[in-house]
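Structural overview for review
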Amino acid sequence: MRAKTKMIHGGITGDETTGAVSVPIYQVSTYKQDGVGKHSGYEYSRTGNPTRNALETVIANLENGTAGFAFGSGMAAISSVMMLFNSGDHVVMTDDVYGGSYRVMTKVFNRFNLDHTFTDTSSLEAVEASLNENTKAIFVETPTNPLLKITDLEKIAAIAKKNDLLLIVDNTFATPYLQQPLDFGADIVLHSATKYIGGHSDVVAGLVAVKTEELAEQLHFIQNSVGAVLGPQDSWLLMRGIKTLALRMEAIEQNTKKIVAFLQNHKKVSTIYYPGIESHPGHAIAAKQATGFGGMVSFDVGSEEKAEKVLENVKYFTLAESLGAVESLISIPAKMTHASIPADRRRELGITDGLIRISVGIEDADDLIEDLEKALD
Ligand SMILES: *Cc1c(COP(=O)(O)O)cnc(C)c1O
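Worth saying up front: this structure is predicted, and the values here are computed from it rather than measured.

Here we look at the nonpolar core
Judged by nonpolar contacts, the single largest core of 32 residues is most densely connected at Met82, Val91, Met105, Phe139, Ile188, Val208 and Val210. Looking at this core element by element, the count peaks at five residues for helix α3 (residues 74-82). Listed in part, the 28 residues of the second largest apolar core include Val23, Tyr177, Leu207 and Ala246.

Some words on the domain arrangement of the protein
Interface size is commonly expressed as the accessible surface area that is lost when the partners come together. When its domains are assigned, the protein resolves into domain 1 (3-243) and domain 2 (246-376). Domain 1 puts 34 residues into the contact, and the matching count from domain 2 is 41 residues. On the domain 1 side of the contact with domain 2, Leu147, Leu178 and Tyr196 bury the most area, a combined 23% of that side's loss. For the pair domain 1 and domain 2, the interface holds three salt bridges. Taken together, the links from domain 1 to domain 2 amount to 15 residue pairs in polar contact (both at pLDDT 80 or more). Taken together, the elements giving at least two residues each to the side of domain 1 that touches domain 2 come down to α1 (3-9), α4 (99-108), α6 (153-162), α7 (175-178) and α9 (232-243). Classifying every residue of the side of domain 1 that touches domain 2 by side-chain character gives 16 nonpolar, eleven polar and seven charged.

Section: the site of the ligand
Around the ligand, a shell composed of 14 residues is seen, among which Gly74, Met75, Asp170, Thr194 and Lys195 lie nearest. One of the backbone nitrogen or oxygen atoms of methionine 75 is found 2.8 Å away from an oxygen atom of the ligand. One nitrogen or oxygen atom from the side chain of threonine 194 is found 2.6 Å from an oxygen atom belonging to the ligand. For the shell around the ligand, the element with the most residues is α3, which contributes three residues. For the shell around the ligand, the per-class residue count stands at six nonpolar, five polar and three charged.

With respect to α6
Within α6, burial applies to Leu153, Ile156, Ala157, Ile159 and Ala160. Down the axis, α6 shows its buried residues gathered within 160° of arc, on one side only. With respect to the buried face of α6, the exposed residues turned more than 90 degrees away are Lys161 and Lys162. Where the residues of α6 are buried, they touch α5 (124-130), β4 (135-141), β5 (166-170) and α11 (283-289).

Details of the packing of aromatic side chains
Summed over the entire model, instances satisfying the criterion amount to three aromatic pairs. Judged by centre distance (4.9 Å) and plane angle (35°), the ring pair of tyrosine 102 and phenylalanine 118 falls under tilted. Within this pair, whereas tyrosine 102 is found in helix α4, its partner phenylalanine 118 is found in strand β3 (residues 115-119), the two being separated by 16 residues in sequence. The exposure class assigned to phenylalanine 118 is buried, which follows from its relative accessible area of 19%.

Let's talk about the pattern of salt bridges
As enumerated under the stated definition, the model contains twelve salt bridges in all. One salt bridge in this structure joins aspartate 120 and lysine 149, with 3.8 Å as the shortest N-O distance. Linking aspartate 120 in the loop between β3 and α5 with lysine 149 in the loop between β4 and α6, this pair joins segments that are 29 residues apart in sequence. By relative accessible area, which is 26% here, aspartate 120 ends up partly exposed. The shortest N-O distance in the salt bridge between lysine 288 and glutamate 154 comes to 3.9 Å. Remark: glutamate 154 occurs in helix α6 and lysine 288 occurs in helix α11; sequence separation between them is 134 residues. It is possible to trace a salt-bridge network through shared partners that takes in Asp152, Glu154, Lys155 and Lys288.

The rules we used
Residues numbered from 1 in each chain as written. Predicted model: local features only at pLDDT ≥ 70, side-chain atom pairs only at ≥ 80, totals over all residues. Heavy atoms only, no water. Core = buried A, V, L, I, M, F, W, Y, C linked by side-chain atoms within 4.5 Å. Buried < 20%, exposed > 50% of the residue type's maximum accessible area, 1.4 Å probe, protein only. Helix = DSSP H or I, 4+ residues; strand = E, 2+ residues; numbered from the N terminus. Domains from an automatic or database assignment. Contact = heavy atoms within 4.5 Å. Buried area = accessible area lost by both parts, 1.4 Å probe. Salt bridge = Lys/Arg side-chain N within 4 Å of Asp/Glu carboxyl O. Polar contact = N/O pair within 3.5 Å; in protein donor to acceptor, adjacent residues only side chain to side chain. Nonpolar A, V, L, I, M, F, W, Y, C, P; charged D, E, K, R; others polar. Near = heavy atom within 4 Å. Arc of directions from axis to C-beta. Phe/Tyr/Trp six-rings, centres within 6.5 Å; stacked < 30°, edge-to-face > 60°.

What follows is the structure, given as structure tokens:
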């Protein structure tokens, strides 16, 4: 089955008992047992719920994994994956990871002595130099947020394999339609499904897919023990979102191409960060490991004041955190999504105060361009 067909027919579809074409929302906590310990595969909805299970099967299919897991948010997914490790273990992470991933490592998991090093994972030498004898995993985000840096998944997977480490990939920006990290040797792929997978700004959720049965068993144990599961209503919403993920990504990418071309010709815009641009340092790698460059673009307008002016004057771009929705969104990472990263650290990373990030939606590209044109003027 090809990717587009998987989004419609993958996983568990419909309901065998009634013929319902849509998977029913099993709004249930517990299940009647025929005898003590004799049940039909479901006993309690933290452990397993048919609606969640249908979603978990779809994400496993889309990512070419052996099993999928749905969590109450992207951060719940990331935190649950981090619970695979022990006190004293060390994780190497992409340096400009999502602000929440940075925060949970530096303010929460540090309290349990889960050690970390933030590294520019687009540099293989930097990754190798960050490994120590306690390193157990490499956690990569590609493309990154908000600078759209690209990590070579195949090469990082080789480093992970050579050193007996797990490779974990946050695939939120690329989506399972454009990029399947498990195929390049990753062990675990995860998503903030709040973004493109949900796609309609109406659900907060996280998804994980794993490569091996062993990891599937370990992560199910953690999911059930820690309990950060996604409810049946939200699981259903995500399955609905997945049905149009391919179409949305194609529309988003077409719009993004036009907007990037407009920004490249605008004199008030300096640096543009988009892996689809040939001069982007990660362009060739992105083209090799993904079937598209996505809908996230960052660009610099020079100062915080100017960036705020643009945000005040746009009409169709909604000023909001988050990304990946049908509606175009606009933000200033330094003040919003990345505000939890200390200012000097942001400066080191290149997240300037004049940096604007847009998440392109599926409106008419001409309206979006007119909107940016007026706001930039
Ligand atoms: C939003 C986001 C997260 C966190 O997901 P939530 O659903 O907000 O908890 C993690 N990684 C990336 C890349 C994100 O954009």
